[in-house]
Amino acid sequence: MSVPFSGALRRSGGIVSAIGKQLKSVNLKGVKRITVQFDPFAENVKSTREFLFLLSTPKVALTNPKCVIKSEIVCDRQSASIKFALIDSAQEQAKVKEIRFNSDNINTLELLQLCNRHVSSLAPPEEITNKVLTKAEKQKLGGGAGGGKKATKKK
């Protein structure tokens, strides 16, 4: 008699795929300004620097081109922190003006998860725009101008 199998059939993709998955869902539409402050000589600053790099990637930057990402390098042994200044509609929704993460003992994946949970959820819903139809699409729908057969006159 054998022991029945329990558990996953395959292994997870690891930390890199988890970071990629979280990075795809980052949405900065509710943010005006991001300020990342850290001391480069501190021990636990690597995850903050990686998070700053991931926020400046083109795909994340395209979620809100007006968002300013600023890094403040200090040399006074302060703990690393990330501050998100929110837009007005997000301030009303969250009832706060800014969100601040103390990122001393947090790894990059946890920073992305916190960002998705607290910042990306404040993004205003996307407005649905009317799709512009081409002539061929209008003819398929039957409402195109001059798209049908012309009627012949009988004498």
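Residues numbered from 1 in each chain as written. Predicted model: local features only at pLDDT ≥ 70, side-chain atom pairs only at ≥ 80, totals over all residues. Heavy atoms only, no water.

Per an unreviewed UniProt entry, the protein chain carries the name Large ribosomal subunit protein mL53 and comes from Drosophila rhopaloa. Comment text from UniProt for the protein chain, heading Subcellular location (unreviewed entry), reads "Mitochondrion". Note on the protein chain: under the UniProt heading Sequence similarities (unreviewed entry), the record states "Belongs to the mitochondrion-specific ribosomal protein mL53 family." (UniProt positions renumbered as here; feature names shortened; annotations may be inferred.)

A.B. asks: With reference to specific residues and values, describe the overall build of the protein chain.
C.D. replies: A tally of helices and strands in the protein chain yields six helices and four strands. When the helices and strands of the protein chain are placed in sequence order, the string is α-β-α-α-β-β-α-β-α-α. In terms of overall dimensions, the protein chain is more spread out than a globule: its C-alpha atoms have a radius of gyration of 25 Å, far above the 15 Å expected for 155 residues. Summarising its shape, the C-alpha atoms of the protein chain cover approximately 95 × 65 × 30 Å along the three principal directions. In the protein chain, which comprises 155 residues, the proportion classed as buried is 32%. Pairs at least 24 apart in sequence give 71% of the contacts found in the protein chain among residues at least 6 apart. Counting every atom, the protein chain has about 11,900 Å² of accessible surface; 54% of that belongs to carbon and sulfur. Averaged over its 27 positive side-chain charges, the protein chain has a centre that lies 20 Å from the centre of its 13 negative ones. (Helix = DSSP H or I, 4+ residues; strand = E, 2+ residues; numbered from the N terminus. Rg over C-alpha atoms; globule rule 2.2 N^0.38 Å. Buried < 20%, exposed > 50% of the residue type's maximum accessible area, 1.4 Å probe, protein only. Contact = heavy atoms within 4.5 Å. Areas by Shrake-Rupley, 256 points an atom, 1.4 Å probe, with all protein chains shown as cover. Lys, Arg positive; Asp, Glu negative; His and termini not counted. Charge placed at Lys NZ, Arg CZ, Asp CG, Glu CD.)

A.B. asks: If you had to explain the environment of Asn130 to someone new, which residues and values would you point to?
C.D. replies: Mapped onto the secondary structure, Asn130 falls in the loop between α5 (108–118) and α6 (135–141). Counting along the chain gives 50 residues from Asn130 to Ala80, while the straight-line C-alpha distance between them is 44 Å.

A.B. asks: Outline helix α1 (residues 15–24), listing residues and values.
C.D. replies: Every buried residue of α1 is accounted for by Ile19, Gln22 and Leu23. Across the axial projection of α1, the buried residues extend over an arc of 100°, all falling on one side. Opposite its buried face, α1 presents the exposed residues Lys21 and Lys24, each directed more than 90 degrees away. (Arc of directions from axis to C-beta.)

A.B. asks: I'd love a proper account of the pairing of strand β3 (residues 81–86), names of residues and values included.
C.D. replies: The element β3 is largely enclosed, with a buried count of five among its six residues. As paired elements, strand β1 (residues 31–38) and β3 share six bridges and run antiparallel to each other. Of the residues in β3, the one forming a bridge with Gln37 is Ser81. Inspection of the sheet shows β3 paired to strand β4 (residues 98–102) by five bridges, in the antiparallel sense. Note on β4: the bridge partner recorded for Ile82 is Phe101. (Pairing = 2+ DSSP bridges.)

A.B. asks: For the nonpolar core, give the residues involved together with the corresponding values.
C.D. replies: Counting 30 residues, the largest nonpolar core has Val31, Ile34, Phe51, Ile82 and Phe84 as the members making the most contacts within it. The set of elements that each furnish at least two residues to this core consists of α1, β1, α2 (46–55), β3, β4 and α5. Every residue in contact with Ile82, bar those within four places of it in the chain, is listed here: Ile34, Thr35, Val36, Thr48, Phe51, Ile99, Arg100, Phe101, Ser103 and Leu111. (Core = buried A, V, L, I, M, F, W, Y, C linked by side-chain atoms within 4.5 Å.)

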